[in-house]
Amino acid sequence: MTNWLPNLSAGSGPLYARLADQIEHDIEAGVLAGGAKLPPQRNLAYDIGVTIGTVSRAYALVRERGLISGEVGRGTYVLPREQNEHPLPPSEGQPFAGTRSMIIEPGKQRMDSTAAPDVGQAEAIRSLTAGILDEHPTEIASYTRTLPPSWFQAGCDWLAQSGWRPEPENIVPTLGGHAGILAVIAAMTLPGDRVAYEALTYSHVARSATVIGRRSVAVAIDAFGMVPEDFERVCAQQHPKLAFLVPSLHNPTLAIMPEERRRAIVEIARRHNVWLIEDNIYGALLGETPVLVAALAPERTFLIGSLSKSVAAGVRGGWIACPPHYASRVLIAHKMITGGMPFLLGELAARLVISGEGAAIHRRVAEEIRAREALARAAFAGQEFISRPDTPFLWLKLPDPWLASTFKNAAAEEGILIDDEDEFKVERSGPALHRVRVAFTVPNARARVAEAFSTLKGLLDNPICGFDNYS
């Protein structure tokens, strides 16, 4: 029997949950090795001064996490941890990189990016940049110590939606949406804390959070986004500190969460004291959306927006609307992670919004997306896919016998880069969907987009040949 006593002095929440977390921590740290027998519940309850019911609930929770096994009359044992028989050397593999190659070969057509299409942004950006250089030469040459009020005003203007508008004191300007999301995670959680994500999502966030020591938990999704019942289960069993969700134009499924479900998610988060990050970067492309989660729960929701999908990704302009009194904390985390906002980019993003140039570009971007989406609908007629006129990608179901990774490789052999379903999975487990995401905004000319669609359609129409060649 293991001579083990947990330390329950740290952490927060119910005693049984803290005990379960400590058992999991010690299993992961090797303190409790595979095959070790945990103390009998009555003995442990006596030793640490709690009720036997507390210990029983903790053991049950750890059992649900798949870490221990118990049998009446034999006791409770730590399950052996799976070992990789052929581990990669430290220099090999890319544990945080996802399925995309980090080095893009010249000549490849990028249909794995949803950045705003080129609609002549350069002219407006050139004019605004020249004005900044003329008016603020000293700020360009130095570090940004003070953020101008216009940067916060621009954030209010850009994030306002569906009758809701944040206050300037709650705004944090960021180097794009991704940096803003990571800043919130860093500010509101500690290493070892869990962050909940939709089972399919913009998983670069989950991988980035893993780099800074946060643990990922997947929540089931359906045609309308995150499933409230599974979110409730995850909150009760895993106790995430924060949940990241994309309720408007979900990436990659294009789901739009109805208001009733948004309210359900908010109520669950309140009951379990979970912070929320609402990624509305794609939502900005919609003309009308359901009420923002930030409007339903302003006391716990961080709303993320940026210019990347609707104006210009290269500007790296973004903003966070924080719950009251948390903007300073997130601003500091953002500076620690990114090094701080460069004046030129922060001022350019603000001027694009306040001058109205950003809105004008947005209208042209939306028109271009609609035209390209129409090409996609025509090209893939007869195939099963999900698409919307205001969204820069489609979610394509592959016919037999194509596998997602096989089709992605076949497309790459034809010079076209797309994303398979694994790029969006938070966890490796889960059913195979046999889907790929095809984006269509980065190639400059519509003619090239149409050619790429034709090539992909040709692969779909000849699955046996493609499967044989690229499996």
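Nothing here was measured: the structure is a model prediction, and the numbers come from that model. (Residues numbered from 1 in each chain as written. Predicted model: local features only at pLDDT ≥ 70, side-chain atom pairs only at ≥ 80, totals over all residues. Heavy atoms only, no water.)

Draft legend 1. Structural view of the sheet that holds strand 4 (residues 171-175). One open sheet holds the seven strands; their spatial order is 4-12-11-10-9-5-6, and the pairing between them is mixed. Every other strand in the sheet has two partners, leaving strand 4 and strand 6 (215-219) as the edge strands with one partner each. Within this sheet the neighbouring strands show an average axis-to-axis angle of 25 degrees, counted without direction. Note: strand 9 (residues 242-245) against strand 10 (residues 275-279), four bridges, orientation parallel. Bridge pairing links Ala243 to Leu276 in strand 10. The sheet strands contacting helix 7 (residues 176-188) are strand 4, strand 5 (194-198), strand 9, strand 10, strand 11 (301-306) and strand 12 (317-321), and the helix crosses strand 11 at an angle near 160 degrees. (Pairing = 2+ DSSP bridges. Helix = DSSP H or I, 4+ residues; strand = E, 2+ residues; numbered from the N terminus. Axes fitted to C-alpha atoms, helices over the stretch in contact; angles between N-to-C directions. Contact = heavy atoms within 4.5 Å.)

Draft legend 2. Layout of the packing of aromatic side chains. In this structure the tally under the stated criterion is 10 aromatic pairs. Judged by centre distance (5.8 Å) and plane angle (55 degrees), the ring pair of Trp275 and Phe302 falls under tilted. Taken together, the positions of Trp275 in strand 10 and Phe302 in strand 11 put the pair 27 residues apart, joining distant regions of the chain. Note on accessibility: Trp275 and Phe302 belong to one class, buried. Here Trp275 and Tyr326 contribute two aromatic rings whose centre-to-centre distance is 4.9 Å and whose plane-to-plane angle is 70 degrees, an arrangement assigned as edge-to-face. Of this pair, Trp275 sits in strand 10 while Tyr326 sits in the loop between strand 12 and helix 13 (327-338), placing them 51 residues apart in sequence. (Phe/Tyr/Trp six-rings, centres within 6.5 Å; stacked < 30°, edge-to-face > 60°. Buried < 20%, exposed > 50% of the residue type's maximum accessible area, 1.4 Å probe, protein only.)

Draft legend 3. Region of interest: helix 15 (residues 357-379). For helix 15, which comprises 23 residues, the first-to-last C-alpha distance of 33 Å matches the rise-based estimate of 33 Å (1.5 Å per residue) to within 8%. Within helix 15, the full set of buried residues consists of Gly358, Ile361, His362, Val365, Ala366, Glu368, Ile369, Arg372, Glu373 and Ala376. In the core, the buried residues of helix 15 are packed alongside helix 4 (121-135), helix 6 (149-159), helix 12 (308-312), helix 14 (343-354), strand 14 (393-397) and helix 17 (446-461). (Expected span 1.5 Å × (residues − 1).)

Draft legend 4. Structural detail: empty space enclosed by the protein. All chains considered together, the criterion is met by one cavity of 30 Å³ or more. Roughly 40 Å³ of volume is contained in the largest cavity. Around the largest cavity sit Trp151, Pro173, Thr174, Arg316, Gly317, Gly318, Trp319, Met341, Gly346, Ala349 and Ala350, which together line it. Elements that contribute at least two residues to the lining of the largest cavity include exactly strand 4, strand 12 and helix 14. Taken together, the residues of the lining of the largest cavity sort by class into six nonpolar, four polar and one charged. (1 Å grid on protein atoms, 1.4 Å probe; cavity = no way out; pocket = protein on both sides within 12 Å on 5 of 7 lines; lining within 4 Å. Points joined across faces, edges and corners; volume = space filled by probe spheres on them. Nonpolar A, V, L, I, M, F, W, Y, C, P; charged D, E, K, R; others polar.)

Draft legend 5. Seen up close, the packing of helix 6 against helix 14. Contact pair helix 6 / helix 14: the axes reach a minimum separation of 9 Å and the direction vectors enclose 45 degrees. Relative to helix 14, helix 6 is oriented oblique. In this structure, helix 6 meets helix 14 at a crossing whose hand is left-handed. On helix 14, the residues touching Ser150, Trp151, Ala154, Asp157 and Trp158 of helix 6 are Phe343, Gly346, Glu347, Ala350, Val353 and Ile354. (Parallel < 35°, antiparallel > 145°, perpendicular 65-115°, else oblique. Left-handed = near helix turned anticlockwise from the far one by under 90°.)

Draft legend 6. Fine view of the confidence of the model for the protein. Here the protein averages 90 in pLDDT, while 91% of its residues score no lower than 70. The low-confidence segment residues 83-95 (pLDDT under 50) makes four contacts with residues lying over four places distant or belonging to another chain. Low pLDDT, under 50, characterises residues 466-471; the predicted model gives this stretch 11 contacts beyond four residues in sequence or across chains. (pLDDT = per-residue confidence, 0-100.)

Draft legend 7. Spatial organisation of the sheet that holds strand 17 (residues 435-439). The strand order across the open sheet formed by four strands is 13-14-17-16, and the pairing between neighbours is antiparallel. The open sheet has two edge strands, strand 13 (385-386) and strand 16 (419-420), and neither has a second partner. Two strands pair when backbone bridges link them, and strand 16 and strand 17 are joined in this way by two bridges, in the antiparallel orientation. Within strand 17, the position partnered with Asp419 by the bridge is Arg437.

Draft legend 8. The arrangement of the environment of Pro290 in detail. Locating Pro290 in the fold gives a position in the loop between strand 10 and helix 11 (293-296). Separated by 220 residues in the primary sequence, Pro290 and Gly70 place their C-alpha atoms 47 Å from one another. Excluding anything up to four places from it in sequence, Pro290 contacts Ser162, Ile256, Met257, Glu259 and Arg262.

Draft legend 9. Seen up close, the pairing of strand 5. With five of five residues buried, strand 5 lies mostly within the body of the structure. On strand 5, burial covers both faces: Arg194, Ala196 and Glu198 on one face and Val195 and Tyr197 on the other are all buried. Of the pairings in the sheet, the one linking strand 5 to strand 6 comprises five bridges and is parallel in character. Within strand 6, the residue paired with Arg194 across the bridge is Arg215. As a crossover connection, the stretch from strand 5 through helix 8 (residues 204-211) into strand 6 is right-handed. As defined by bridge partners, strand 5 adjoins strand 9 across three bridges and the pair is classed as parallel. Of the residues in strand 9, the one forming a bridge with Val195 is Leu242. (Right-handed = clockwise from strand over helix to strand, strands pointing away.)

Draft legend 10. The arrangement of the pattern of salt bridges in detail. Evaluation of the coordinates by the stated rule reveals 28 salt bridges. With a closest N to O distance of 2.4 Å, Arg165 and Asp157 form a salt bridge. On the basis of relative accessible area, Arg165 is assigned to the partly exposed category, the value being 42%. For the salt bridge of Arg437 with Asp419, the shortest nitrogen-to-oxygen distance reads 3.3 Å. One end of the pair, Arg437, is in strand 17; the other, Asp419, is in strand 16, with 18 residues separating them in the sequence. Exposure class is identical for Arg437 and Asp419. Each is buried. (Salt bridge = Lys/Arg side-chain N within 4 Å of Asp/Glu carboxyl O.)

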